[in-house]
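# Fold and geometry: a report
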Amino acid sequence: MAFTTSSAPTVGFDLDMTLIDSRPGIHACYTALAERTGVHIDADLAVTRLGPPLEEELAHWFPAERIAEIADLYRAMYPAIAVAATPALPGAREAVAAVRASGGRAIVVTAKYEPNAKLHLAHLGIEPDAVIGDLWAEQKAQALREHGARVYVGDHLGDIRGARAADAYSLAVATGPYAAGELRAAGADAVLADLTEFPRWLAAYRAEPAAPAAPDARDA
């Protein structure tokens, strides 16, 4: 796929395990949900497969007819339990700031419930230009196209699929459930170890007629 750079590109970022380490907060929320409902949830297992919509995880623990109800309960419990427990990943603030400092726009496109996504970003002092929630995998292309994003940054194979569906450059970070080699094999155009490498990558992207290769992250 050929890419043309812009001096001020719009860059999309995933949220969970791309900008934030959501595992501690989600683990705490699943633990509280299990206590509230009396249904066993293996929170240790659940946080190894973050990325897809909440309802997909709940389907492992609750019957189909209860999933909508339990999802609403989880989302209502989430702000008081998960937001303060969730840190930014290394380089997250700087990555978003680098896009905006270049004159571009930084947007967050996530499968997370949008109000809770906004709470995380506000709590951590990360200031994107727009936050669009409740979109997963190829659905993310809707928001990426609407906002004119040329690059989408994410940690999950679903993020790569979303970037491809939007004809955007897929920049992966090996901070989620997949190693660098798996991300490359799934079609990422480049892979970073984490977002601390992003400002240098962005500077090179803006300087070249085609997006540069990123430093390879170590396979984990």
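Computed from a predicted structure; not experimentally measured.

### Overview of the packing of aromatic side chains
Counted by the stated rule, this structure contains seven aromatic pairs. Judged by centre distance (5.5 Å) and plane angle (65 degrees), the ring pair of Phe 13 and Phe 198 falls under edge-to-face. Separated by 185 residues along the polypeptide, Phe 13 in strand S1 (residues 10–13) and Phe 198 in helix H10 (residues 198–207) bring together distant segments of the chain. Each member of the pair, Phe 13 as well as Phe 198, carries the same accessibility label: buried.

### A word on the sheet that holds strand S5 (residues 169–173)
Here we have six strands laid out as an open sheet, ordered S3-S2-S1-S4-S5-S6, and parallel in their pairing. Single-partner strands in this sheet number two, and they are strand S3 (130–132) and strand S6 (190–192). Geometrically, the sheet is characterised by an average inter-axis angle of 25 degrees between neighbouring strands, direction not taken into account. Two elements, S1 and strand S2 (residues 105–109), share four bridges in a ladder whose sense is parallel. In the sheet register, Val 11 faces S2, and the bridge partner there is Ala 106.

### Points about helix H5 (residues 92–101)
Listing the buried residues of H5 in full gives Ala 92, Ala 95, Val 96, Ala 98 and Val 99. Considered in projection along H5, the buried side chains sweep an arc of 155 degrees and stay on one side of the axis. Tucked into the core, H5 has its buried residues touching S1, S2 and H10. Positive phi shows up at Gly 103, right after H5, with a value of about 95 degrees.

### What to know about the packing of helix H4 (residues 67–82) against helix H6 (residues 114–124)
Taken N-terminus to C-terminus, the directions of H4 and H6 make an angle of 10 degrees; their axes are 10 Å apart at the nearest point. It follows that H4 is roughly parallel to H6 by the angle criterion. Two secondary-structure elements touch here, H4 through Arg 75, Tyr 78, Pro 79 and Ala 82 and H6 through Asn 116, Leu 119 and His 120. Considering only residue class, the contact of H4 with H6 consists of four nonpolar, two polar and one charged.

The rules behind the values
- Residues numbered from 1 in each chain as written.
- Predicted model: local features only at pLDDT ≥ 70, side-chain atom pairs only at ≥ 80, totals over all residues.
- Heavy atoms only, no water.
- Phe/Tyr/Trp six-rings, centres within 6.5 Å; stacked < 30°, edge-to-face > 60°.
- Helix = DSSP H or I, 4+ residues; strand = E, 2+ residues; numbered from the N terminus.
- Buried < 20%, exposed > 50% of the residue type's maximum accessible area, 1.4 Å probe, protein only.
- Pairing = 2+ DSSP bridges.
- Axes fitted to C-alpha atoms, helices over the stretch in contact; angles between N-to-C directions.
- Arc of directions from axis to C-beta.
- Contact = heavy atoms within 4.5 Å.
- Parallel < 35°, antiparallel > 145°, perpendicular 65-115°, else oblique.
- Nonpolar A, V, L, I, M, F, W, Y, C, P; charged D, E, K, R; others polar.

Scope: geometric values only; no functional claims are made or implied.
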